[in-house]
Amino acid sequence: MEYVVYEQNGFIGTLTINRPKALNALNKQVLTEINEALDEICMCSLRCLIITGAGDKSFVAGADIGEMSVLNREEGTAWGKFGNDIFRRLETLPVPTIAAINGFALGGGCELAMSCDIRICSENAVFGQPEVGLGITPGFGGTQRLARIVGIGKAKEMIYTASNIKADEAYRIGLVNKVVPQEELMATAQKMAAKIASNAPVAVRLAKKAINEGLQVDMDKAIVIEECDFGDCFATEDQKEGMKAFLEKRKEKNFQNK
Ligand code: DAK
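Worth saying up front: this structure is predicted, and the values here are computed from it rather than measured. (Residues numbered from 1 in each chain as written. Predicted model: local features only at pLDDT ≥ 70, side-chain atom pairs only at ≥ 80, totals over all residues. Heavy atoms only, no water.)

A. Representation of the overall build of the protein chain within the structure. Of the regular secondary structure elements, the protein chain holds eleven helices and ten strands. Taking the principal axes of the C-alpha coordinates as reference, the protein chain spans close to 60 × 40 × 35 Å. Across the protein chain, every contact between residues at least 6 apart in sequence was considered, and the portion connecting residues at least 24 apart equals 69%. When the accessible surface of the protein chain is summed, it comes to about 13300 Å², and 56% of that surface belongs to carbon and sulfur atoms. A distance of 4 Å separates the average location of the 30 positive side-chain charges in the protein chain from that of its 34 negative side-chain charges. (Helix = DSSP H or I, 4+ residues; strand = E, 2+ residues; numbered from the N terminus. Contact = heavy atoms within 4.5 Å. Areas by Shrake-Rupley, 256 points an atom, 1.4 Å probe, with all protein chains shown as cover. Lys, Arg positive; Asp, Glu negative; His and termini not counted. Charge placed at Lys NZ, Arg CZ, Asp CG, Glu CD.)

This is the structure we're talking about:
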């Protein structure tokens, strides 16, 4: 792959978007390669996926403006679907995802980060949905996910004004979970990933599924989703191990992912 690098260390995978000359902007090839990388990752051996951008300036500076500039209506719709399908795939990936945001997260870059479960950024990170300044709407989920994460009023302000915000403001409004110095970014993401990976993998996956699916339905249905996922945990060996370890006052747990 030319623009995507995937590495796995134990249970933790890192997918790096590697097109630093264009600030990791998402052209068709980058998106295709992200999709192909997701095809190739063996989810059974993975417990957390970190997504980041190459270099120390940009996570992803958006969809590729040069490529988009020549699209007609049909092609624009198809392009939106192409990106949306991949970002939705990421959002519903069976393992938790952490966006390690190392700089600009604009347009499609902010949307990519919002498709991840958790966002950690460096102090130089900049977020925004600048699309209306380019004559388009956000097209990779920004009109939907931003409002769900930061609330309708703030999302509308960011999208209508096309204004960027810095890391501290992103933290203040709940767009990111944590802000750290650039040099600590990957270590912080890896530490959180390791903490996630140390817990019962099936339970973590089911918790992700319950949160994501429950948010799409009313509370009565959401609670039923939780009950089913909770019940499913009792059919796992890891539930037996987790509770046995507690009762034996044992700190080490030998979770088998089954
Ligand atoms: N696309 C293509 N190239 C980009 C790019 C982008 N989004 N962002 C940066 N680059 C390229 C620059 O063109 C430049 O390339 P060269 O000129 O060196 O060949 C190189 O990266 C370095 O950028 P700068 O020289 O501009 O670097 P600066 O430090 O001066 O400025 C910047 C950094 C991030 C402030 C600036 O590059 C910038 O404003 N970039 C554009 C940011 C942006 O507007 N992003 C949002 C893109 S729109 C939809 C589907 C999808 C979308 C919308 C609708 N539908 C189907 C409905 C998504 C839209 C977007 O993401």
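B. Fine view of helix 9 (residues 201–214). For helix 9, which comprises 14 residues, the first-to-last C-alpha distance of 20 Å matches the rise-based estimate of 20 Å (1.5 Å per residue) to within 8%. Those residues of helix 9 that are buried lie in contact with helix 3 (73–91), strand 5 (97–101), helix 8 (185–197), helix 10 (219–233) and helix 11 (237–247). (Expected span 1.5 Å × (residues − 1).)

C. Layout of the sheet that holds strand 3 (residues 48–53). Spatially, 1-2-3-5-7-10 is the arrangement adopted by the six strands of the open sheet, whose pairing is mixed. This sheet does not close on itself; its edge strands, each paired only once, are strand 1 (4–9) and strand 10 (178–180). Taken over all neighbouring pairs, the strand axes of this sheet differ in orientation by 20° on average, direction set aside. As judged from the four bridges shared by strand 5 and strand 7 (residues 118–122), these two strands associate in the parallel manner. Directly across from Ile98, in strand 7, lies its bridge partner Ile118. (Pairing = 2+ DSSP bridges. Axes fitted to C-alpha atoms, helices over the stretch in contact; angles between N-to-C directions.)

D. Seen up close, the site of the ligand. For the ligand, the set of nearby residues contains 25 residues, the closest of which are Lys57, Ala61, Ala63, Gly76 and Gly108. Ala63 is positioned such that a nitrogen or oxygen atom in its backbone is 2.7 Å from an oxygen atom of the ligand. In isolation the ligand offers 1100 Å² of accessible surface; the protein chains occlude 61% of this area. Of all elements in the fold, only helix 2 (65–68), helix 3 and strand 6 (104–106) reach the threshold of two or more residues within the shell around the ligand. A per-element tally of the shell around the ligand places helix 3 first, with three residues. Class assignment of the residues belonging to the shell around the ligand gives a composition of 14 nonpolar, seven polar and four charged. (Near = heavy atom within 4 Å. Polar contact = N/O pair within 3.5 Å; in protein donor to acceptor, adjacent residues only side chain to side chain. Nonpolar A, V, L, I, M, F, W, Y, C, P; charged D, E, K, R; others polar.)

E. Broad picture of the sheet that holds strand 8 (residues 126–128). Read from one edge to the other, the open sheet built from four strands follows the order 4-6-8-9, with strand pairing classed as mixed. Bordering the open sheet on either side are strand 4 (58–60) and strand 9 (165–166), each of which pairs with just one other strand.

F. Representation of the environment of Gly151. Mapped onto the elements of the fold, Gly151 is located in the loop between helix 5 (142–150) and helix 6 (152–161). Between the C-alpha atoms of Gly151 and Ile173, which are 22 residues apart in sequence, the distance is 8.7 Å.

G. Spotlight on empty space enclosed by the protein. Throughout the structure, instances matching the rule amount to one cavity of 30 Å³ or more. Size it by volume and the largest cavity reaches roughly 40 Å³. Lining the largest cavity are Leu46, Arg47, Val95, Pro96, Ile196, Pro201, Val204 and Arg205. Broken down by element, the residue count for the lining of the largest cavity peaks at three residues, all from helix 9. Here the residues of the lining of the largest cavity are counted per class, giving six nonpolar, no polar and two charged. (1 Å grid on protein atoms, 1.4 Å probe; cavity = no way out; pocket = protein on both sides within 12 Å on 5 of 7 lines; lining within 4 Å. Points joined across faces, edges and corners; volume = space filled by probe spheres on them.)

H. Local environment of the packing of helix 1 (residues 28–40) against helix 3. Contact pair helix 1 / helix 3: the axes reach a minimum separation of 11 Å and the direction vectors enclose 30°. The orientation of helix 1 with respect to helix 3, classified from their angle, is roughly parallel. For the crossing formed where helix 1 meets helix 3, the hand is left-handed. Side by side, helix 1 and helix 3 meet where Lys28, Leu31, Thr32, Ile34, Asn35, Leu38 and Asp39 of the first sit next to Trp79, Phe82, Gly83, Ile86, Phe87, Arg89 and Leu90 of the second. (Parallel < 35°, antiparallel > 145°, perpendicular 65-115°, else oblique. Left-handed = near helix turned anticlockwise from the far one by under 90°.)

I. Layout of the side chain of Thr97. The topology assignment puts Thr97 in strand 5. A residue is classified by how much of its surface remains accessible, and Thr97, at 0% relative accessible area, is buried. Once you skip the residues sitting within four places of it in the chain, Thr97 turns out to touch Leu49, Leu90, Ser115, Cys116, Asp117, Ile118 and Lys208. (Buried < 20%, exposed > 50% of the residue type's maximum accessible area, 1.4 Å probe, protein only.)

J. Structural context of the layout of surface pockets. The computed volume of the largest pocket comes to approximately 610 Å³. Surrounding the largest pocket, 21 residues form its lining, Glu91, Met114, Asp117, Asn212 and Leu215 being those nearest its centre. Elements represented by at least two residues in the lining of the largest pocket include exactly helix 3, strand 7, helix 5 and helix 9. Its residues assigned to classes, the lining of the largest pocket shows nine nonpolar, five polar and seven charged.

In short, geometric facts, not functional conclusions.
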